[in-house]
Amino acid sequence: MNIKKVVVAGAGVLGSQIAFQSAYKGFDVVVWVRSEGSVERARPKFERLLGIYETTLEAMKTNQAAYCRGLAESPQVSEEEIDSLKDAAKKAFESLKFTTSYEEAANDADLVIEAIAEDPEQKIAFYTELAHYLPEKTILATNSSTMLPSTFAEATGRPEKYLALHFANEIWRNNTAEIMGHAGTAQQPYEEVVKFADAIGMIPLRLKKEQPGYILNSLLVPFLKSAQALYATGVADPETIDKTWMLATGAPLGPFRILDIVGLTTAYNIAIMDPLAADPETVQGKVAAMLKERIDAGKTGINAGEGFYRYEK
């Protein structure tokens, strides 16, 4: 594998996780964000991730149930090995670099993972500008939740080296990496991304064709939309909806806890892509309005300390 320097564009819920996990596994990681203000907003997310990694690793010394697949190759790990992994987490935190410069981020990059807002215009603008600075060798991947790489392939200026690399939330625990090319993706960069996913402790999942939402979100997004519709139309409150799902299925989390982890901004950006969301009388419009009201109040999810539930920061 030729990937050494990894650039993660965006430091939201998943962008921060991808960057931290890549650094934890020894890659040289640069985080690109739009402004200095974004850098300051990103730092607490990485501090939180460091705390999660250190606490989880420490718990693994005495509790096998605390084991996370992305943190260690096997639950059979000695205390000395765990201490070494805790050192790796601290080193990862200290090694992360931040920039607002396209040129600085692109310099000698082997892989760029785009994890910016789920907004086609923002993605196209990002790809178009980045293309001026990327070395010929660079592979470009999107972590888009629902959009197809073929939508943006030409805007990247390197369609043959462009594909999708999609992660689940809490990637240190839920270590899936869905790899999805488009019709013009060359095999060599696809295989490089498969190797990279494996190298950062993920389980590479190969998709044979383009699918909006990959495998995971093809299953998850309709579920979350149904839950939001139940609340937005006044059928039941989030706590009752979550309780119903958890009691009836044995699931550890309900849809609104999951939405808080995903982030309400991402949910809103997905919701407004539906043309019916423009009509406030439709179910889609009611869902979009409900999400926007919470976002405007700063209740964007677990990283903000409150979404549909409140969390200790």
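The paragraphs below set out a description of the structure included in this document. (Residues numbered from 1 in each chain as written. Predicted model: local features only at pLDDT ≥ 70, side-chain atom pairs only at ≥ 80, totals over all residues. Heavy atoms only, no water.)

### Remarks on the packing of helix α8 (residues 216-232) against helix α9 (residues 238-249)
As a reminder, the rule being used: Think of each axis as a best-fit line through the C-alpha atoms, taken over the contacting stretch in the case of a helix, with angles from 0 to 180 degrees between the N-to-C directions. Secondary structure counts use DSSP, requiring at least four H or I residues in a row for a helix and at least two E residues in a row for a strand, with both numbered from the N terminus. The cut-offs work like this: below 35 degrees is roughly parallel, past 145 is roughly antiparallel, 65 to 115 is roughly perpendicular, and the gaps in between are oblique. For any pair of crossing helices, the crossing counts as left-handed if the nearer helix is rotated counterclockwise from the farther one by less than a right angle, and right-handed if it is rotated clockwise. A contact between two residues is defined here by any heavy atoms of the two lying within 4.5 Å.
At a minimum axis distance of 9 Å, the contact between α8 and α9 shows a crossing angle of 135 degrees. Classified by the angle their axes make, α8 and α9 are oblique. Relative to α9, α8 is oriented so that their crossing is right-handed. Residues F223, A227, L230 and Y231 of α8 form the contact with α9, whose participating residues are P238, I241 and W245.

### A few points about unusual backbone geometry
What counts is decided by this rule: The buried label goes to any residue with under 20% of its type's maximum accessible area, the exposed label to any with over 50%, and the partly exposed label to all in between, with areas taken from a 1.4 Å probe on protein chains only.
With a phi angle near 55 degrees, E170 is a residue other than glycine that sits in the positive phi range. With respect to the secondary-structure elements, E170 resides in the loop between β6 (162-167) and β7 (176-180). With a phi angle near 55 degrees, Y214 is a residue other than glycine that sits in the positive phi range. Here Y214 shows up in the loop between β8 (203-206) and α8. Y214 sits in the buried class, given a relative accessible area of 1%.

### Observations regarding the nonpolar core
Heads up, the condition is: Nine residue types can take part in a nonpolar core, namely buried Ala, Val, Leu, Ile, Met, Phe, Trp, Tyr and Cys, and a core is a set of them joined through side-chain atoms within 4.5 Å.
Judged by nonpolar contacts, the single largest core of 50 residues is most densely connected at F46, L165, F167 and F196. Ranked by the residues each element gives to this core, the list is headed by helix α2 (residues 36-59), at eight residues. With residues up to four places along the chain from it excluded, the contact list for L165 reads I113, A141, T142, N143, A177, E178, I179, V193 and F196. In this structure, A229, I241, F256 and A288 belong to the second largest nonpolar core, which totals 20 residues.

### Things to note about helix α3 (residues 79-95)
Defined as follows: Take the number of residues in a helix, subtract one, and multiply by 1.5 Å to get its expected span. Read the arc as the range of directions from the helix axis to the C-beta atoms.
With 17 residues, α3 extends 24 Å between its outermost C-alpha atoms, agreeing within 8% with the 24 Å of an ideal straight helix rising 1.5 Å per residue. Residues of α3 that are buried include every one of I82, A89 and A92, and no others. Along α3, the residues classed as buried sweep out an arc of 70 degrees about the axis, all on the same side. Opposite the packed face of α3, turned more than 90 degrees from it, sit the exposed residues E80, D87, K91 and E94. The secondary structure elements touched by the buried residues of α3 are α1 (13-24) and α2.

### So, the pattern of salt bridges
Using the following cut-off: The term salt bridge refers to a pairing of a side-chain nitrogen on Lys or Arg with a carboxyl oxygen on Asp or Glu at a separation within 4 Å.
Counted under the stated rule, the structure contains 15 salt bridges. Notably, a salt bridge pairs E114 with K123, separated by 2.4 Å at the nearest N-O pair. Residue E114 is classed as buried on the basis of its relative accessible area, which comes to 0%. Judged by its relative accessible area of 0%, K123 is buried. The structure contains a network of salt bridges with shared partners spanning E58, K61, D83 and K86.

### Describing the packing of aromatic side chains
What counts, and what does not: Centres within 6.5 Å are what make two rings of Phe, Tyr or Trp a pair, Trp counting through its six-membered ring; a difference in plane orientation under 30 degrees is then read as stacked, over 60 as edge-to-face, and the rest as tilted. For a Lys NZ or an Arg CZ to count as sitting over a ring, it must be within 6 Å of the ring centre and within 35 degrees of the ring normal.
In total, this model carries 15 aromatic pairs according to the counting rule given. Taking 5.4 Å as the distance between ring centres and 70 degrees as the angle between the ring planes, the aromatic pair formed by Y127 and Y162 counts as edge-to-face. Taken as a pair, Y127 in helix α5 (residues 120-130) and Y162 in strand β6 lie far apart in primary sequence, 35 residues in all. A single burial state applies to Y127 and to Y162, both of which are buried. The cationic tip of R43 hangs over the ring face of F98; the distance from NZ or CZ to the ring centre is 4.8 Å. A cation sits over an aromatic face here: R257 above Y309, 3.7 Å from the ring centre.

### Overview of the pairing of β8
Consecutive side chains of a regular strand alternate in pointing toward one face of the sheet and then the other. We apply this condition: Any two strands are treated as partners once DSSP identifies two or more bridges connecting them.
Sheet topology note: the β7/β8 ladder contains four bridges and is parallel. Within the sheet, the bridge partner assigned to T176 lies in β8 and is I203.

### Regarding α1
Compared with the 16 Å implied by 1.5 Å per residue over 12 residues, the 17 Å span of α1 between its first and last C-alpha is a close match. Counting buried positions over the 12 residues of α1 gives 11, a clear majority of the element. Those residues of α1 not exposed but buried are L14, G15, S16, Q17, I18, A19, F20, Q21, S22, A23 and Y24. A positive phi of about 95 degrees marks G26, the residue just after α1.

### Notes on the pairing of strand β1 (residues 5-9)
Our working definition: The handedness of a crossover follows from its direction of travel: if, with the strands pointing away from the viewer, the path from the first strand over the helix to the second runs clockwise, the crossover is right-handed.
In terms of burial, β1 is largely enclosed, as five of its five residues are buried. Burial of the side chains of β1 extends over both faces: K5, V7 and A9 are buried on one face and V6 and V8 on the other. Pairing of β1 with strand β2 (residues 28-32), which is carried by five bridges, proceeds in the parallel orientation. Looking at β2, one finds that V8 is bridged to V31. Once the chain exits β1 it traverses α1 before rejoining the sheet at β2, and the crossover so formed is right-handed. Here β1 runs beside strand β4 (residues 111-114); their pairing, made up of four bridges, is parallel. Its bridge partner lying in β4, V8 is registered against I113.

Everything listed is a geometric property; what it means functionally is a separate question.
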